[in-house]
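Structural features, examined
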Amino acid sequence: MGKIKAVLFDMDGVLIEAGDWHYEALNRALGLFGYEITRTEHLSGYNGLPTLIKLKKLSAEKGLPEKLHSFINEMKQKYTVDIVHSQCRPRFSHEFALSKLKAEGYRMACCSNSIRMTMEMMITRAKLNDYLEFLISNQDVQKPKPDPEIYIKAMERMGLAPDACLIVEDNENGIKSALASGGHLLTVKDVHDVTYDNIKARIAEIEEGVSVDEAEGMVA
């Protein structure tokens with residue numbers, strides 16, 4: 001195996017503890033019209049998808065009128081901003097991990113199914129901007145996760161082959177995207193697993209010859 005040169009991070013549930021924030025904000029917006037995504041539905045079919053795709057699924061599965069999509073999406077983004085301003089703050093373990101990785105020469109970027117405005121706001125409030133070369137949002141690709149386009153685009157932008165990249169993901173759609181891109185994978189349960197030691201241990205395993213398939217589902 002070659003050397004890992006870059007680490008590509010998902011955002012929600014990986015760098016930012018935002019999975020529940022999106023869930024709460026969307027349900028608050030849906031509640032204006034008497035709709036809801038249950039926790040079970042969220043975890044089994046909606047987690048990690050862009051809001052507009054979630055709304056399309058709700059129309060197909062629960063009869064949500066499509067004419068409401070634009071307004072619900074607008075309100076969801078407003079509620080998300082409110083939550084971010086009250087709850088998003090720096091996490092020492094992440095600042096430590098990314099600063100150490102950058103000092104060791106690893107290149108890093110964040111690739112998320114969130115919109116760019118939300119990404120920029122969260123990453124800024126978490127004080128992670130200085131460590132990331134760039135952000136890629138769902139607005140920067142034709143097909144969001146689980147399609148691999150977002151990670152392929154990041155690799156191309158860095159001029160790196162998939163085999164030189166480690167992708168850190170936490171949910172099914174992100175994992176599918178990462179594996180389909182050809183990159184190596186570190187699956188984490190939540191933001192608490194995103195540590196310098198876990199990332200470096202996974203890099204060591206890759207460079208010693210552990211395959212992507214063997215790594216699936218692994219938390220170092």
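Tallied over the entire structure, the rule returns 14 salt bridges. Glu41 serves as the salt-bridge partner of Lys62, at 2.9 Å between the closest nitrogen and oxygen. Here Lys62, found in helix α3 (residues 51–62), pairs with Glu41, found in helix α2 (residues 39–46); they are 21 residues apart in sequence, far enough to count as distant. One connected set of salt bridges, linked through shared partners, spans Asp10, Lys145 and Glu169.

Two descriptors summarise a pair of aromatic rings, namely the distance from one centre to the other and the angle between the planes of the rings. Evaluated as defined, the whole model comprises three aromatic pairs. Geometrically, the ring pair formed by Phe96 and Tyr196 is edge-to-face, given 6.1 Å between the ring centres and 75° between the ring planes. Residue Phe96 is located in helix α5 (residues 92–103), and its partner Tyr196 is located in helix α9 (residues 196–207); the two are separated by 100 residues in the primary sequence. Note on Phe96: relative accessible area 38%, which makes it partly exposed. Following the ring pairs from residue to residue traces out a cluster consisting of Phe92, Phe96 and Tyr196. Positioned over the ring face of Tyr46 is Lys57, at 4.9 Å from the centre of the ring. A cation sits over an aromatic face here: Arg157 above Phe134, 4.1 Å from the ring centre.

Turning our attention to the pairing of strand β1 (residues 6–9). A two-sided burial pattern is seen for β1, the buried positions comprising Ala6 and Leu8 on one face and Val7 and Phe9 on the other. Both β1 and strand β4 (residues 165–169) contribute to a ladder of four bridges, which runs parallel. Of the residues in β4, the one forming a bridge with Phe9 is Val168.

Turning next to the confidence of the model for the protein. Scored by pLDDT, the protein has a mean of 92; 95% of the residues are at 70 or more. Here residues 211–220 scores under 50 on pLDDT; set against residues more than four positions off or in separate chains, the count is 27 contacts.

For α3, which comprises 12 residues, the first-to-last C-alpha distance of 15 Å matches the rise-based estimate of 16 Å (1.5 Å per residue) to within 8%. Taken together, the buried positions of α3 are Thr51, Lys54, Leu55, Leu58 and Ser59. Projected down its long axis, α3 shows its buried positions confined to an angular sector of 145°, all on one face. The exposed set on the far side of α3, more than 90 degrees from its buried face, consists of Lys56, Ala60 and Glu61. Contact partners of the buried residues in α3: α1 (19–31), α2 and α4 (69–87). Count one or two residues on from α3 and you reach Gly63, which has phi positive near 75°.

Among the surface-exposed residues, Leu32, Phe33 and Phe71 lie close enough to one another that they form a single nonpolar patch of about 270 Å² accessible area. In this fold, Phe33 is placed in the loop between α1 and α2. You can call Phe33 partly exposed: its relative accessible area is 33%.

Parameters at a glance
Residues numbered from 1 in each chain as written. Predicted model: local features only at pLDDT ≥ 70, side-chain atom pairs only at ≥ 80, totals over all residues. Heavy atoms only, no water. Salt bridge = Lys/Arg side-chain N within 4 Å of Asp/Glu carboxyl O. Helix = DSSP H or I, 4+ residues; strand = E, 2+ residues; numbered from the N terminus. Phe/Tyr/Trp six-rings, centres within 6.5 Å; stacked < 30°, edge-to-face > 60°. Buried < 20%, exposed > 50% of the residue type's maximum accessible area, 1.4 Å probe, protein only. Lys NZ or Arg CZ within 6 Å of the ring centre and 35° of its normal. Pairing = 2+ DSSP bridges. pLDDT = per-residue confidence, 0-100. Contact = heavy atoms within 4.5 Å. Expected span 1.5 Å × (residues − 1). Arc of directions from axis to C-beta. Patch = residues over 30% accessible without salt bridge, like charges linked within 9 Å, V, L, I, M, F, W, Y side chains within 5 Å. Areas by Shrake-Rupley, 256 points an atom, 1.4 Å probe, with all protein chains shown as cover.

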